[in-house]
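# An overview of the molecular structure
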Amino acid sequence: MYVTHLECPKCELTYESEQPIQLCTCGAPLLVGYDLDRVRDSLSKEVLASRKPTLWRYRELLPIRKDENILSLGESMTPVLPLGRLGPEVGMPHLWMKDEGLLPTGTFKARGAAVGVSRARELGIKVLAMPTNGNAGAAWAAYCAAAGIRAVIVMPADSPAINRKECIIAGASLYLVNGRISDAGKIIREAVDRFGWYDASTLKEPYRIEGKKTMGLELLEQFNWQAPDVIVYPTGGGVGIIGIYKALKELRTMGWIGEKLPRLVAVQSTGCAPIVKAWQENRKESQFWENAHTIAFGLTVPHALGDFLVLEAVRETNGCAVAVADEDILKAQQMLAQKEGTFVCPEGAATLSAAMKLAKEGWITPQEQIVLLNTGTGLKYAETVHSDPPLLQPGDRL
Ligand SMILES: *Cc1c(COP(=O)(O)O)cnc(C)c1O
Ligand SMILES: [Zn+2]
């Protein structure tokens with residue numbers, strides 16, 4: 001293993017990595033540090049290219065000590081689709097979409113769960129607890145089942161029913177709360193203190209982000225280590241965009257990509273846009289968003305622990321943060337299905353809507369390479385599509 005330590009991005013305290021740990025004493029999330037010189041010396045792009053197409057091909061940049069602790073449900077590399085019909089119509093002839101909907105449990109949350117649960121098992125965790133808007137709970141429940149770890153999950157009562165069912169079939173201890181993910185988080189925090197469980201809340205353990213980081217590693221490998229100009233990412237808790245930024249920085253330190261990083265765009269819904277508001281007001285941290293509501297359920301995070309890291313990723317790459325309305329998200333979802341044949345989740349559709357806005361404003365120019373991240377399959381959000389086709393009787397004619 002190439003992990004050297006854990007470090008706090010806020011106060012710079014460091015910790016050793018071989019015991020269960022949650023936040024820094026200052027309250028900030030911890031990030032995993034690697035000996036990147038050693039990784040560079042022991043791994044080549046050619047060797048990497050010959051490995052199996054799963055996220056474990058980036059083994060040297062992942063925090064698992066022993067191979068036998070790796071848990072896999074077949075988290076394959078996900079396709080980068082050229083949006084050849086849609087892109088030119090919306091002023092972006094070089095538009096791509098990386099489709100994470102093909103991962104186990106239908107969302108990119110599987111990346112975080114595969115690595116996070118593998119590491120939890122390696123550290124001897126028996127029970128872990130987490131609040132979720134749905135997709136993370138579904139993914140962690142599945143991987144915990146495979147690991148023999150008990151998962152205690154609290155999710156908002158109005159999250160998509162499929163996520164509930166995924167938790168239940170996997171044998172997780174599931175509770176619903178009449179409130180938002182922030183309310184679920186408070187219940188978990190109290191229970192974790194009382195029972196001594198491992199808190200797997202977003203960014204409260206350092207390893208989920210390492211799994212999500214593989215999205216960035218994989219994307220760059222698929223682009224032959226030539227960074228695209230812009231990556232557009234739907235941001236809730238922010239782990240995905242922080243992970244992509246971490247991947248880019250590690251690759252840059254290793255000399256595998258050039259100095260210039262893609263501009264990272266954080267997309268939220270106008271119904272819950274704390275990061276966008278902080279960005280517009282030029283602040284380093286966000287404020288709690290009251291009465292959060294959006295159909296893009298994964299983006300309903302009123303206050304993210306890692307907000308300052310998202311804002312840093314956006315700032316340091318000359319990116320930006322954009323909010324789009326739910327009605328525009330639904331329009332974009334339809335456009336992607338009707339022009340490209342992809343049924344994406346509302347969170348993923350939000351990235352198209354945001355990119356269209358940025359192209360119209362000239363922030364994105366026509367010669368640039370743009371990558372949208374679709375974080376999950378639309379099949380998990382069947383209720384976002386209104387369906388009321390004409391009903392025929394046997395023998396009727398069209
Ligand atoms: C969780 C989730 C997001 C937000 O991801 P973060 O990494 O927490 O910002 C986006 N899309 C979907 C489908 C999700 O489930
Ligand atoms: Zn700290």
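Now for a look at the structure at hand.

The rules we used
Residue positions are given per chain, counting from 1 as you read along its sequence in written order. Both sets of labels track the order of writing: A upward for chains, 1 upward for ligands. In keeping with the predicted nature of the model, local features appear solely for residues at pLDDT of at least 70, side-chain atom pairs appear and are counted solely at 80 or more, and the whole-chain, interface and lining totals rest on all residues. Derived side-chain values reflect all non-hydrogen atoms in the structure, with water molecules and hydrogen atoms excluded from consideration. Note on definitions: the grid is 1 Å and covers protein atoms alone; a cavity is a set of points where a 1.4 Å probe fits but cannot get out; a pocket is an open set with protein on both sides within 12 Å along at least five of seven lines; lining residues have an atom within 4 Å of a point. Grid points are joined across faces, edges and corners, and a volume is the space filled by probe spheres set on the points. Throughout this entry, Asp, Glu, Lys and Arg are counted as charged residues, while Ala, Val, Leu, Ile, Met, Phe, Trp, Tyr, Cys and Pro are counted as nonpolar. The remaining residues, Gly among them, count as polar. Any N, O or S atom lying within 2.8 Å of the metal counts as a donor, and for Na, K and Ca the limit rises to 3.2 Å; water is left out, so some sites can look incomplete. The geometry test gives tetrahedral to four donors whose angles all lie between 85 and 135 degrees, gives square planar to four donors and octahedral to six donors whose opposite members are over 155 degrees apart with all other angles between 65 and 115, and gives irregular to the rest. Strands are runs of DSSP state E lasting at least two residues, helices are runs of H or I lasting at least four, and both sets are numbered from the N terminus onward. Relative accessibility thresholds used throughout: buried, under 20% of the residue-type maximum; exposed, over 50%; partly exposed, between the two (1.4 Å probe, protein chains only). By convention in this text, a residue qualifies as near a molecule or strand provided that one of its non-hydrogen atoms is within 4 Å of it. We call two N or O atoms a polar contact when they sit within 3.5 Å, provided that within protein one can donate a hydrogen and the other can accept it, with sequence-adjacent residues counted only if both atoms are side-chain atoms. Here the open area of atoms and residues is found with the Shrake-Rupley method and a 1.4 Å probe, where only the protein chains shown may cover a residue. Molecules are considered to sit inside a cavity or pocket once more than half of their atoms lie within 2 Å of its grid points.

## Digging into empty space enclosed by the protein
Taken as a whole, this structure holds one cavity of 30 Å³ or more when the rule is applied. Forming the boundary of the largest cavity are Leu43, Leu48, Tyr58, Leu61, Leu217, Trp225, Leu251 and Trp256. Residues that form the lining of the largest cavity fall into these classes: eight nonpolar, no polar and no charged.

## Brief notes about the coordination of the zinc ion (ligand 2)
Note on metal sites: the ideal angle is 109.5 degrees for four tetrahedral donors, and 90 or 180 degrees for six octahedral donors. Those protein atoms acting as donors to the zinc ion (ligand 2) are Cys8 (SG), Cys11 (SG), Cys24 (SG) and Cys26 (SG), and they sit at 2.3 Å. Here the zinc ion (ligand 2) binds four donor atoms, and the angle range of 104 to 118° at the metal identifies the geometry as tetrahedral. Each donor residue of the zinc ion (ligand 2) lies on the same chain, and together they follow the pattern C-x2-C-x12-C-x1-C. Taken together, the residues span a long stretch of sequence, with cysteine 11 in the loop between strand 1 (3-7) and strand 2 (14-15) and cysteine 24 in the loop between strand 2 and strand 3 (31-34) at a distance of 13 residues. For cysteine 24, a relative accessible area of 4% gives the class buried.

## Digging into the site of ligand 1
Neighbouring ligand 1 are 18 residues; Lys109, Gly236, Gly238, Gly240 and Thr375 lie closest to it. The contact in question runs from an oxygen atom of ligand 1 to an N or O atom on the backbone of glycine 237, over 3.0 Å. With respect to ligand 1, the backbone of glycine 238 contributes an N or O atom lying 2.7 Å from an oxygen atom. In the complex, the protein chains occlude 96% of the 380 Å² of accessible area that ligand 1 would expose alone. Here ligand 1 occupies the largest pocket. Listed by contribution, the elements that provide at least two residues to the shell around ligand 1 are strand 10 (230-234) and helix 9 (239-253). Its residues assigned to classes, the shell around ligand 1 shows seven nonpolar, eight polar and three charged.

None of this, on its own, says anything about what the molecule does.
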